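Listed below, chain by chain, are the residues.
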Amino acid sequence: MSAASCLLTEDQFLCSICLDVFTDPVTLSCGHNFCKSCITEHWDVKVPHDCPNCKEVFKTRPELKVNTFISEMAAQFRQKAQQPQTNEFPNQEKFPVTSCTGTKLKALKSCLVCLVSYCETHLEPHLTASRLKSHQLIDPVENLEGRMCEKHNKLLELFCKNDQMCVCMMCTYSDHKTHDVVPLREGYEGKKAELGKTEAEIQQMIQKRRLKLEEFKQSVELSKKNADREMAEGVQVFSALMETVERRLNNLTDTIKEKQRETEEQAEGFIKELQQEISELEKRSSEVKKLSRSEDHLHLLQNITALNAAPPTKNWTGVRVHPPSYEGTVERAVKQLEETLSEHMKKLISEAELKRVQQYEVDLTLDPDTASPYLILSDDGKQVHDSDVRKILPNNPERFDCPCVLSKQSFSSGRFYFEVQVKGKTEWALGVVRESINRKGPITLSPQNGFWTIWLRDIKEYKALADPSVDLSLQSDPEKVGVFVDYEEGLVSFYDVDAAALIYSFTGCSFTEKLYPFFSPCLNDGGKNSAPLIISPVN
């Protein structure tokens, strides 16, 4: 028996239900062997009664008797497998190996079917025995007992999609009988795919948040630049205001001091003159007193005549030194300061506003496909003037009949700004238009028709072509006009660049199409209006 058992392998003594060495093995009439408890539990939940291996159905439940021969052989095999081993690996970390009954050796693999970790010696059957080769081996792990069903003490080899949990075969006959149950590998592959999808979604979320993080950082940096610029402009503005206040204060104190100086000089003149008269009078008084004391009759009479010629004196009765009146001096100075500051503030605010919109400068070039046949465009697309001579050009739908031209660039969102030199012209029109405007025949420039423009006519007649048009009163003739558009805000503003002054603003506009910058140099007028419109860079 001992010699024969050496030729047997472990897979010949494994129950096909529990996949462990037989315990109380029984043999069915079909010849297949099972643990008595395993086949009993199988038949308890499965009707009709059949063989789990060959599926032979028995009309009545067979009476089970333990096969003593197989039981003895399985016991001997179990006893041999549990003999202590001495081939311990030196200088290696120990790992509990459940197949070793003596000294625990380092495990090389764990079997997910047997739920045992094996050393090199005990792993050999899993590498050679045909039945054991199908078992899944993994790197050694602890807590293999956690892979057993707590209720049925069977291997968790299935996955219930309904309850999203791992179950054993026996669970499919009880709590999960009607559920969608698949093998662990299929459940694993499905969940792995879900994890892959989840990971991709998480990475996408991370990427979005990184972009948003970068956007926040850029916003903070932009805010810092804007804050620095505003502070610099604020320092410049308030420094200028303080200089104005200091200058006005100096003027006030100088005025008051000048009045005081004039008063002092007048008083000093009067005092000097009075002192001179007093001196002369005191001298005469002394002479009179001396002569009056003389006892010599002849001497007194001979000299009294000379005393009659009294020195000239002024009648000081009506003479006054009038202190200057300072009433209202400070009030007038403050009022003048207010007027000066008001004008200065308006100018500074206009300059700051112009600087703000100039940062939205765009580079424009004129579109020859939209230019009237009478217009001449420069090679760089930056200048246009009327020639009074019609050129032969294709009459495409985009081309104007009247002396107008659009830029190649269009805008359907955001803000943009450009400047045009109008120096030397007697007539011109500038602004923006929507894409769908009429370009053929006579056209009326108005917002209703898709035009937001201002123009100069008859040298001094400036108008904002609104509904109705608005006469513009300008302090001076602009030589360069800036045009600013805020698409979302519905705003179109025009500026006198050199004066840093707002000319006119269209507000509350509703833009739904592309907007194109619009230029009309108007008619040449026999050379009187030959100067070109020039798209200029912001200085």
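Here the structure is shown first, and the text comes after it.
Because the structure is predicted, anything quoted here is derived from the model rather than measured.

S.K.: Hey, could you go over the packing of aromatic side chains for me, with residue numbers and the actual values?
M.R.: Considering all chains together, one arrives at 12 aromatic pairs under this definition. Ring geometry for tryptophan 43 versus phenylalanine 58: centroids 6.2 Å apart, planes at 75°, classification edge-to-face. With tryptophan 43 in helix H2 (residues 36-45) and phenylalanine 58 in the loop between H2 and helix H3 (68-81), this residue pair connects regions lying 15 residues apart in the sequence. Arranged with centres 5.5 Å apart and planes meeting at 45°, the rings of tyrosine 487 and phenylalanine 511 form a pair that is tilted.

S.K.: Could you give an account of the sheet that holds strand E3 (residues 109-111), with specific residues and numbers?
M.R.: Strand order in the open sheet formed by 3 strands is E4-E3-E5, with antiparallel pairing between adjacent strands. The strands lining the two open edges of the sheet, one partner per strand, are strand E4 (116-118) and strand E5 (137-138). Pairing analysis gives 3 bridges linking E3 to E4, with the strands arranged antiparallel. Following the sheet pairing, lysine 109 is matched in E4 by tyrosine 118. Relative to the sheet, helix H4 (residues 120-128) contacts E3, E4 and E5, its axis offset from that of E4 by approximately 110°.

S.K.: Please give an account of the packing of helix H5 (residues 184-292) against helix H7 (residues 329-358) that cites residues and values.
M.R.: Look at H5 against H7: their axes get within 10 Å of each other, and the N-to-C directions meet at 160°. The pairing of H5 with H7 is recorded here as roughly antiparallel in orientation. Helix-helix and strand crossings are classified by hand; for H5 and H7 the assignment is right-handed. Of H7, the residues touching H5 (which contributes Glu233, Gln236, Val237, Ala240, Leu241, Thr244, Val245, Arg248, Leu252, Ile256 and Lys259) are Thr329, Val330, Ala333, Gln336, Leu337, Thr340, Leu341, His344, Met345, Leu348, Ala352 and Lys355. Within the contact of H5 with H7, the residues separate by chemical class into 13 nonpolar, 6 polar and 4 charged.

S.K.: So what's going on with the pattern of salt bridges? Which residues, and what values?
M.R.: All told, the structure shown has 16 salt bridges when counted by the stated rule. A salt bridge links lysine 212 to glutamate 215; its shortest N-O distance comes to 3.2 Å. Taken together, the positions of lysine 212 and glutamate 215, both in helix H5 and 3 residues apart, correspond to about one turn of that helix. Overall, lysine 212 belongs to the partly exposed group, its relative accessible area being 36%. In this structure glutamate 215 comes out as partly exposed when scored by relative accessible area, which is 37%. Its salt-bridge partner being arginine 261, residue glutamate 258 comes within 2.3 Å of it at the nearest N-O pair. In this pair, glutamate 258 and arginine 261 both sit in helix H5, 3 residues apart, roughly one turn of the helix. Judged by its relative accessible area of 36%, arginine 261 is partly exposed. The network of salt bridges with shared partners includes Glu258, Arg261 and Glu265.

Conventions used here
- Residues numbered from 1 in each chain as written.
- Predicted model: local features only at pLDDT ≥ 70, side-chain atom pairs only at ≥ 80, totals over all residues.
- Heavy atoms only, no water.
- Phe/Tyr/Trp six-rings, centres within 6.5 Å; stacked < 30°, edge-to-face > 60°.
- Helix = DSSP H or I, 4+ residues; strand = E, 2+ residues; numbered from the N terminus.
- Pairing = 2+ DSSP bridges.
- Contact = heavy atoms within 4.5 Å.
- Axes fitted to C-alpha atoms, helices over the stretch in contact; angles between N-to-C directions.
- Parallel < 35°, antiparallel > 145°, perpendicular 65-115°, else oblique.
- Left-handed = near helix turned anticlockwise from the far one by under 90°.
- Nonpolar A, V, L, I, M, F, W, Y, C, P; charged D, E, K, R; others polar.
- Salt bridge = Lys/Arg side-chain N within 4 Å of Asp/Glu carboxyl O.
- Buried < 20%, exposed > 50% of the residue type's maximum accessible area, 1.4 Å probe, protein only.

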